[in-house]
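Fold and contact review
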Amino acid sequence: PPPPLFFFNDTATTLIYTISLHDALPICDTSGYTDYENLKRILPYVDVFLYDIKVMDPEDHKKYIGVDNSLILENLKKLSDEGAGLYIRLPIIQQVNATDEHIESVIHFLKENNIHARQVNLLPYHDIGKGKYASLDMEYHDDEMSVPVSELMEHFKSMFEEQGFNKVNIGG
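Residues numbered from 1 in each chain as written. Predicted model: local features only at pLDDT ≥ 70, side-chain atom pairs only at ≥ 80, totals over all residues. Heavy atoms only, no water.

Let's talk about helix 8 (residues 150-162)
Defined as follows: Secondary structure counts use DSSP, requiring at least four H or I residues in a row for a helix and at least two E residues in a row for a strand, with both numbered from the N terminus. In a helix, the anticipated span is given by 1.5 Å times the number of residues less one. Per-residue accessibility, obtained with a 1.4 Å probe over protein chains only, is compared with the maximum for each type, and a residue is labelled buried under 20%, exposed over 50%, and partly exposed between these values. The directions from the helix axis to the C-beta atoms form the arc being described.
Relative to the 18 Å expected for 13 residues at 1.5 Å per residue, helix 8 spans 18 Å between its end C-alpha atoms, a close match to the ideal helical length. Within helix 8, the full set of buried residues consists of Met153, Phe156, Met159 and Phe160. Each buried residue of helix 8 sits inside an arc of 115° when the element is viewed along its axis, so together they form one side. In this structure, helix 8 carries Ser150, Glu151 and Glu162 as exposed residues pointing more than 90 degrees from its buried face. Backbone geometry just after helix 8 places Gly164 at a positive phi near 95°.

Structural notes on the side chain of Asn121
Let me state the cut-off plainly: In protein, a polar contact requires one atom able to donate a hydrogen and another able to accept it; more generally it is a pair of N or O atoms within 3.5 Å, and residues adjacent in sequence count only if both atoms are side-chain atoms. What makes two residues a contact is simply this: any of their non-hydrogen atoms within 4.5 Å.
Relative to the helices and strands, Asn121 resides in strand 4 (residues 119-124). Assessed through its relative accessible area of 1%, Asn121 is described here as buried. A polar atom in the side chain of Asn121 sits 3.1 Å from the side chain of Asn169. In contact with Asn121, not counting residues within four places along its chain, are Tyr87, Ile88, Arg89, Leu90, Asn169, Gly171 and Gly172.

Quick word on the nonpolar core
Selection criterion: What is meant by a nonpolar core is a set of buried Ala, Val, Leu, Ile, Met, Phe, Trp, Tyr and Cys residues, joined one to another through side-chain atoms within 4.5 Å.
If you look at the biggest cluster of nonpolar residues, it comprises 34 residues, and the most contacted ones within it are Phe49, Leu76, Leu79, Ile88, Leu90, Leu110 and Phe160. Of the residues forming this core, the biggest block, five residues, is contributed by helix 6 (residues 100-112). For Leu90, the residues in contact, after removing those within four places along its chain, are Ile53, His102, Ile103, Val106, Val120, Asn121, Leu122, Leu123 and Phe160.

A look at the packing of aromatic side chains
The line we're drawing: Pairing of aromatic rings covers Phe, Tyr and Trp, the last through its six-membered ring, and needs centres within 6.5 Å; plane angles under 30 degrees mean stacked, over 60 mean edge-to-face, and all others mean tilted.
Summed over the entire model, instances satisfying the criterion amount to one aromatic pair. Between Phe160 and Phe165 the ring centres are 5.3 Å apart and the planes differ by 80°, which places this aromatic pair in the edge-to-face class.

A short note on the sheet that holds strand 3 (residues 86-92)
Which entries qualify depends on this criterion: For two strands to be treated as a pair, DSSP must find at least two bridges joining them. Each axis is a line fitted through C-alpha atoms, taken for helices only over the stretch in contact, and angles between the N-to-C directions span 0 to 180 degrees.
The parallel open sheet is built from five strands, whose spatial order is 1-2-3-4-5. The open sheet is flanked by strand 1 (27-30) and strand 5 (168-170), the only strands paired with a single partner. Across the sheet, the mean angle separating the axes of adjacent strands is 20° when strand polarity is ignored. Each of strand 3, strand 4 and strand 5 touches helix 8; the most contacted strand, strand 4, lies at about 165° to it.

Description of a nonpolar patch on the surface
This is how it is decided: Residues qualify for a patch when their relative accessible area is over 30% and they have no salt bridge, like charges being joined within 9 Å and the nonpolar side chains of Val, Leu, Ile, Met, Phe, Trp and Tyr within 5 Å. Calculation of accessible area relied on Shrake-Rupley with a 1.4 Å probe; when residues are assessed, cover is drawn exclusively from the protein chains displayed. We define a salt bridge as a contact between a side-chain nitrogen of Lys or Arg and a carboxyl oxygen of Asp or Glu at a distance within 4 Å.
A cluster of nonpolar side chains, contributed by Tyr133, Leu136 and Met138, occupies part of the molecular surface with about 310 Å² of accessible area. Of note, Leu136 is situated in the loop between helix 7 (130-135) and helix 8.

Considering the packing of helix 6 against helix 8
Formally: Just so you know how the angles are binned, under 35 degrees is roughly parallel, over 145 roughly antiparallel, 65 to 115 roughly perpendicular, and the rest oblique. Note on convention: the crossing is left-handed when the near helix lies turned anticlockwise from the far helix by less than a right angle, right-handed when the turn is clockwise. Only Asp, Glu, Lys and Arg are considered charged, only Ala, Val, Leu, Ile, Met, Phe, Trp, Tyr, Cys and Pro nonpolar, and every remaining residue, Gly among them, polar.
Packing of helix 6 against helix 8 leaves a shortest axis separation of 10 Å and a crossing angle of 25°. Between helix 6 and helix 8, the crossing angle belongs to the class labelled roughly parallel. Remark: the crossing between helix 6 and helix 8 carries right-handed chirality. Between helix 6 and helix 8, the contacting residues are Asp100, Ile103, Glu104, Val106, Ile107 and Leu110 on the first element and His155, Phe156, Met159 and Phe160 on the second. Taken together, the residues of the contact of helix 6 with helix 8 break down into seven nonpolar, one polar and two charged.

Considering a negative patch on the surface
For clarity, the threshold we go by: In summary, the charge assignment counts Lys and Arg as positive and Asp and Glu as negative, without counting His or the chain termini. In plain terms, the charge of a residue is placed at NZ if it is Lys, CZ if Arg, CG if Asp and CD if Glu.
Judged by side-chain charge, Asp35, Glu37, Asp81 and Glu82 come together as a negatively charged surface patch. Along the chain, Asp81 falls in helix 4 (residues 70-81).

Describing unusual backbone geometry
Of note, the phi angle at Asn114 is positive, near 50°, even though the residue is not glycine. Along the polypeptide, Asn114 turns up in the loop between helix 6 and strand 4. A residue is classified by how much of its surface remains accessible, and Asn114, at 49% relative accessible area, is partly exposed.

So, helix 3 (residues 58-65)
Of the residues flanking the start of helix 3, the one acting as N-cap is Asp57, its side-chain oxygen 3.1 Å from the backbone nitrogen of Glu59. Where helix 3 ends, the next residue or the one after it, Gly66, has phi of about 105°, a positive value.

Rendered as structure tokens:
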């Protein structure tokens, strides 16, 4: 499982609040895998939450990420219901989630739950983090992952646009 989240504490809340007082627009990059009260506490001070949807199927999410995604998706619904600024980010990995079925399931979830996304970012897989694994003496399984071709990314973008999503970017 992912390491426990340590970002959401009183110091972090104070920092986000202080930044917001200086006409800065705080952005919170989150997996959403935390107690909702942590997100709610900083909500008034955050301009945008960068929110990843990695895999929709709960079993596949557990296989690739290490945890079920129900808490992540519930927190996304709650943030949207409370009017949070949301940039939905979809990391796309050829062998994991680069399918029409995955994109359709994300679109269905967003529409069915009335998720108010300011934009959707389709993020082609990259191996920038590979060096971190070596420094942590961990094995990096890049043989299981590859970059999706640009035509496929354009296709996924058009799938979102055809369903009424106006701000869809490749990269982000």
